[in-house]
Amino acid sequence: MNFKLKVWRQQNENTAGQFRDYEAINIPAEASFLEMLDIVNEGLIARQEEPIAFDSDCREGICGMCSLVVNGIAHGPGKAKTTCQLYMRRFQDGETIWIEPFRAAAFPIVKDLIVDRSAFDRIIQAGGYITARTGSAPDANSIPIGKTVADLAMEAAACIGCGACAAACPNSSAMLFVAAKISHLGLLPQGQPERTSRVRNMVRTMDALGFGSCTNHYECEAVCPAEISATFISRLNRDYAVASIREGLAARG
Amino acid sequence: MTTQLDARIPSGPLADKWTKHRAESKLVNPNNKRKFDILVVGSGLAGASAAASLAELGYHVKCFCFQDSARRAHSIAAQGGINAAKNYQNDGDSVFRLFYDTIKGGDFRSREANVYRLAEVSANIIDQCVAQGVPFAREYGGLLANRSFGGAQVSRTFYARGQTGQQLLLGAYQALSDQINMGGVKMFPRSELLDLVIVDGHAKGIVVRDLKTGEISSFPGDAVVLATGGYGNVFYLSTNARGCNVSATYRAYKRGAFFANPCYTQIHPTCIPVGGPYQSKLTLMSESLRNDGRVWVPKNKGESRRPDQIPEAERDYYLERKYPSFGNLAPRDIASRSAKEVCDEGRGVGPGGLGVYLDFAESIRRLGEQTIRERYGNLFDIYHNITGENAYQVPMRIYPAVHYTMGGLWVDYNLMSNVPGLHVLGEANFSDHGANRLGASALMQGLADGYFVIPCTIANYLATQLGKKVSPDRPEFRAVEEEVRGRVKKLLSIKGKRSATSFHQELGLLVWEQCGMARSRDGLKDALQKIGPLREEFWENLNVLGGQQELNQSLEQAGRVADFLEFAELMCLDALEREESCGGHFRVEYQTEEGEAVRNDKDFCHVTAWQYTGPDSKPVANIEPLVFENVKLAQRSYK
């Protein structure tokens, strides 16, 4: 298969970027999208041109490192997959494909298609955990957790932290990412003691880092490779409201 | 000159060694802990759990990873589960049984005391992870669920759908994030270790390249902890992530740390077969699938019918036939070799005949499609996405692929290498899996090392280092930094014609052929003759574009391939000199008439720990004899 590529090239955070044209020639239909870019890059190196920089690691959809906007869609066409799981058989021979980095104010571009998503790490550092000192845990079966609750927590915990939700959102909101962690931990009995402080600190950090608000576009849910449901955002809103009221009451004494 | 290796195994009965060791280990008092800086390299299960737990104790920790976030380390890709001797299923499991299964699974090539400790702390790991909120699978009554796994006849594997590694890593990552927030850990993502700094014989620092800016700088520390994973990518194609590399452990080897048993590599039996030369990695299908999938090939060579057209009588369920008691749950090395055997006989399926069927039809009939979907839905989705085939309707096609490496830097019972101060955890060390690792044991080992072993044992070293802080002004730091800069400059200045990838592919194919599932004296000698010239060509004809002071992925890759090109030689040499078959190391000269591995306990019941002696000189083989006081060495039988 052959493709015409329009690829975002940008030397670093401080320079302007632009789309550049490339040809992808003789691409096997069985190749993944990133393997197609590998082939293009080998061609560029042979012609003494700098290869296109893009992030990837596990290439099986779980590490969350790959981060491309393909034809205007975060992680490209198709449901529930990361860019590395996108296969060329999905495209038409001869098609023009637009490739851009994830775009969000809180994800500055590092180079070409690589962005800095450390803002997500900072949100987790603000409270996305259950404090459990190593060695002090009770027997694992001492707290039974109903299968329904455990399964729902697992659904939320499946988030891979790729950032597609924020990249797809017109407001660059990180609500789905935060909601997933809040729900995962907030659903479990172990997560109750820190539930209030967790949601307060995570949401405020999210706001401070420049992520926008949620205005119910549901673009996040549509691109999420882990199929995190936007209903978790309602849970987040509820938890945050409760936390804020408690804080208000505490302030009044 | 060979060195006498002292594993510092505590005396006394096996079951008491760890308790005794903890009681006798040195302590560092809380005020003094604050004075120590520990450098943890790698943020996978071992690295993240170690960094978090050491910081909880009060040490100052700096943690480095090459990914953009600590959460992306390759532990995240582990699918199937984590073993623990909880005996929640009341099926006769015990610490001793887990210990014995692991020793036997490793073909009697691991250290008894380490493996027993691993089995002992396994139960604590599950407790710890549940406390952190890891959403393990549960029964309707709310208690934890288990599944069985290869190489065991009890159900002791805990799991979180097909994403157990992800959930355990996120647990460790969150504990790490907590400590970053508390100021106990400073995290350095997109930072790659390029060398180790030795001062007066002790590991006292590392040299790191900031992958975003290209800046090369050194970090002093009172101890160094390497948790940098395995070297499976020496084969180019493997189930490892693209970035996985041998550089950290290989650089440490070149600075004096011994590299143990590099020939012990694990070929995982259930991966999606290779599609073509464009392929950048191989995808694992969790071994847990073998609980409900039956492995078979046609009885006839060159069979051209679709699988559903082949009647039962013309199918060979070869694992069930050859290993009736373990059947489809035979250990990984045996299952892989059997797949290779039937394909070599011309009975393989799919393109190129390099594949076997993993068939769920019977389980779907027995349990219903919904149950199979619940158990393995995401794996079936992955398979569908990559191959375009629906495994609920047609059998999966699978083939073995490089998955894990049991070899690694030599460590003693304290997980310290022969270089004082240099500790090595997880897949990066050699310690617990012998010549073959059982499924669901990698996660167990990574977390055992990080949460429970190193927080205790590192004190044995640090207690000797009070008041001995090394100044970052020592010339050793400058010297290593300059060496690293010189090497980077050299990679950029060759300006030849071939990309690092093309060298990596060529090397990978060579070692896969000669040092993969079956190895022979002639093949290994052939590989050893070819690696040198390939390496020479690399240093004359490599093409790396771009500069040093910027994000430069070609440069990162070139550095890693350069190390693989040296390391591959060590792996083949070890495979050549180990004249026996054991676990994942199968030498065609040493097999029974039925094709089973034949160990040579008389001459090779030991660890070979290789010592670097210079660029053009053969490394020295140091020997640690393996002493078995609690198990009887037997030919492994899964029949």
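Residues numbered from 1 in each chain as written. Chains lettered and ligands numbered in written order. Predicted model: local features only at pLDDT ≥ 70, side-chain atom pairs only at ≥ 80, totals over all residues. Heavy atoms only, no water.

A. Representation of the nonpolar core within the structure. Ranked by internal contacts, the top residues of the largest apolar core, which has 272 residues, are Leu5(A), Phe33(A) and Leu422(B). Not counting chain neighbours up to four residues away, the residues in contact with Phe33(A) comprise Leu68(A), Val70(A), Thr83(A), Leu86(A), Tyr87(A), Met88(A), Phe91(A), Ile97(A) and Ile99(A). In this structure, Leu237(B), Cys271(B), Leu284(B) and Ala401(B) belong to the second largest nonpolar core, which totals six residues. (Core = buried A, V, L, I, M, F, W, Y, C linked by side-chain atoms within 4.5 Å. Buried < 20%, exposed > 50% of the residue type's maximum accessible area, 1.4 Å probe, protein only. Contact = heavy atoms within 4.5 Å.)

B. Layout of the domain arrangement of chain A. Residue and element names in this part refer to chain A. Here chain A is described as being made up of domain 1 (3-111) and domain 2 (118-252). Taken over C-alpha atoms, the centre of domain 1 sits 30 Å from the centre of domain 2. With 17 residues of domain 1 in contact, the opposing surface of domain 2 contributes 19 residues. Approximately 1,300 Å² of surface area, both sides summed, lies buried where domain 1 meets domain 2, with 66% of it carried by carbon and sulfur atoms. (Domains from an automatic or database assignment. Buried area = accessible area lost by both parts, 1.4 Å probe.)

C. Quick look at the domain arrangement of chain B. All names here are of chain B. In terms of domains, chain B is made up of domain 1 (268-401) and domain 2 (475-614). Here the C-alpha centroids of domain 1 and domain 2 sit 31 Å apart. Each side of the interface is counted separately: domain 1 has nine residues, and domain 2 has ten residues. Taken as a group, Asp-333, Arg-337 and Lys-340 account for 56% of the area that domain 1 buries against domain 2, more than any other trio of residues on that side. If you look at where domain 1 meets domain 2, you find zero salt bridges. Summed over the shared surface of domain 1 and domain 2, the result is three residue pairs in polar contact (both at pLDDT 80 or more). Those elements that provide at least two residues to the side of domain 1 that touches domain 2 are helix H9 (332-344) and strand E15 (396-405). Here the element with the most residues in the side of domain 1 that touches domain 2 is H9; it accounts for five residues. By residue class, the composition of the side of domain 1 that touches domain 2 is four nonpolar, one polar and four charged. (Salt bridge = Lys/Arg side-chain N within 4 Å of Asp/Glu carboxyl O. Polar contact = N/O pair within 3.5 Å; in protein donor to acceptor, adjacent residues only side chain to side chain. Helix = DSSP H or I, 4+ residues; strand = E, 2+ residues; numbered from the N terminus. Nonpolar A, V, L, I, M, F, W, Y, C, P; charged D, E, K, R; others polar.)

D. Main features of unusual backbone geometry. Residue and element names in this part refer to chain B. Here Asn-87, not a glycine, exhibits a phi torsion of approximately 50 degrees, which is positive. Secondary-structure assignment places Asn-87 in the loop between strand E3 (82-83) and helix H4 (95-105). Residue Asp-200 is not a glycine yet carries a positive backbone phi of 50 degrees. With respect to the element layout, Asp-200 can be found in the loop between strand E6 (191-199) and strand E7 (202-210).

E. Molecular detail of the environment of Arg498(B). Residues and elements named next belong to chain B. Within the fold, Arg-498 resides in the loop between helix H13 (475-493) and helix H14 (500-515). When the C-alpha atoms of Arg-498 and Asn-541 are compared, they prove to be 6.0 Å apart, with 43 residues separating the residues in sequence. Setting aside anything within four residues of it in sequence, one finds Arg-498 in contact with Phe-503, Glu-506, Leu-534, Glu-537, Asn-541, Leu-542 and Asn-543. At a separation of 2.8 Å, a polar atom in the side chain of Arg-498 contacts the side chain of Glu-506.

F. Up close: the sheet that holds strand E2 (residues 18-24) of chain A. All names here are of chain A. The five strands are arranged E2-E1-E5-E3-E4 in an open sheet whose pairing can be described as mixed. Each edge of the open sheet is held by one strand with a lone partner, namely E2 and strand E4 (73-74). Here strand E3 (residues 68-70) runs beside strand E5 (residues 96-101); their pairing, made up of three bridges, is antiparallel. Within the sheet, the bridge partner assigned to Leu-68 lies in E5 and is Pro-101. (Pairing = 2+ DSSP bridges.)

G. Here's a closer look at the interface of chain B and chain A. Residue-level contacts link 72 residues of chain B with 76 residues of chain A. Carbon and sulfur atoms supply 49% of the area that chain B and chain A bury against each other, a total of about 6,200 Å² over both sides. Among the residues of chain B in contact with chain A, Arg72(B), Arg138(B) and Tyr278(B) are the three that bury the most area, contributing 12% of the side total. At the boundary of chain B with chain A, the tally comes to eight salt bridges. A salt bridge links Lys212(B) to Asp116(A); its shortest N-O distance comes to 2.9 Å. On inspection of chain B and its partner chain A, the count reaches 47 residue pairs in polar contact (both at pLDDT 80 or more). Contributions of two or more residues to the side of chain B that touches chain A are made by helix H3 (45-57), helix H5 (112-132), helix H6 (164-182), helix H11 (369-387), helix H12 (442-462), H14 and helix H16 (553-577) of chain B. The element that contributes the greatest number of residues to the side of chain B that touches chain A is H6(B), accounting for nine residues. When its residues are assigned to classes, the side of chain B that touches chain A shows 25 nonpolar, 32 polar and 15 charged.

H. Fine view of empty space enclosed by the protein. Residues and elements named next belong to chain B. In the structure shown here, the tally under the stated rule is eleven cavities of 30 Å³ or more. Leu-194, Arg-487, Val-488, Leu-491 and Gly-559 are the residues nearest the centre of the second largest cavity, which is lined by 16 residues in total. The set of elements that each furnish at least two residues to the lining of the second largest cavity consists of E6, helix H7 (247-254), H13 and H16. (1 Å grid on protein atoms, 1.4 Å probe; cavity = no way out; pocket = protein on both sides within 12 Å on 5 of 7 lines; lining within 4 Å. Points joined across faces, edges and corners; volume = space filled by probe spheres on them.)

I. Just the pattern of salt bridges, in detail. What the rule picks out here adds up to 72 salt bridges over all chains. Across the pair Glu155(A) and Arg161(B) runs a salt bridge, and its minimum N-O distance is 3.9 Å. Within this pair, whereas Glu155(A) is found in helix H3 (residues 147-157), its partner Arg161(B) is found in the loop between strand E4 (157-158) and H6, the two belonging to separate chains. Its relative accessible area of 33% is what places Arg161(B) among the partly exposed residues. When the shortest N-O distance is used, the salt bridge between Glu362(B) and Arg294(B) registers 2.7 Å. Residue Glu362(B) is located in helix H10 (residues 361-367), and its partner Arg294(B) is located in strand E12 (residues 294-298); the two are separated by 68 residues in the primary sequence. The exposure class of Glu362(B) is partly exposed, given its relative accessible area of 34%. Salt bridges here are not isolated pairs; linked through shared partners, they connect Asp107(B), Arg109(B), Arg578(B), Glu580(B), Arg599(B) and Asp601(B).

J. Here's a closer look at the sheet that holds E12(B). Sheet architecture is open: five strands sit in the order E11-E15-E14-E12-E13 (chain B), paired in antiparallel fashion. Only two strands of the sheet have a single partner each, and these edge strands are strand E11 (265-271) and strand E13 (315-316) of chain B.

K. Spotlight on H3(B). All names here are of chain B. For H3, spanning 13 residues, the distance from its first C-alpha to its last is 18 Å, which sits close to the expected 18 Å at 1.5 Å a residue. Where burial is concerned, most of H3 is hidden: twelve out of the 13 residues are buried. Every buried residue of H3 is listed here: Leu-45, Ala-46, Gly-47, Ala-48, Ser-49, Ala-50, Ala-51, Ala-52, Ser-53, Leu-54, Ala-55 and Glu-56. In this structure, the buried residues of H3 make contact with strand E1 (37-41), strand E2 (60-64), H6, strand E5 (185-188) and H12. Downstream of H3 by one or two residues, Gly-58 has phi in the positive range, about 115 degrees. (Expected span 1.5 Å × (residues − 1).)

L. Geometry of the packing of helix H15 (residues 521-541) of chain B against H16(B). Residue and element names in this part refer to chain B. At their nearest, the axes of H15 and H16 sit 9 Å apart, and the two run at 160 degrees to each other. In terms of their interaxial angle, H15 and H16 are classed as roughly antiparallel. Note that H15 runs across H16; the crossing there is left-handed. Listed contacts from H16 to Arg-521, Leu-524, Lys-525, Ala-527, Leu-528, Ile-531, Gly-532, Leu-534, Arg-535, Phe-538 and Trp-539 of H15 are Ala-558, Val-561, Ala-562, Leu-565, Glu-566, Ala-568, Glu-569, Cys-572, Leu-573, Ala-575 and Leu-576. The residue makeup of the contact of H15 with H16, split by class, is 16 nonpolar, one polar and five charged. (Axes fitted to C-alpha atoms, helices over the stretch in contact; angles between N-to-C directions. Parallel < 35°, antiparallel > 145°, perpendicular 65-115°, else oblique. Left-handed = near helix turned anticlockwise from the far one by under 90°.)

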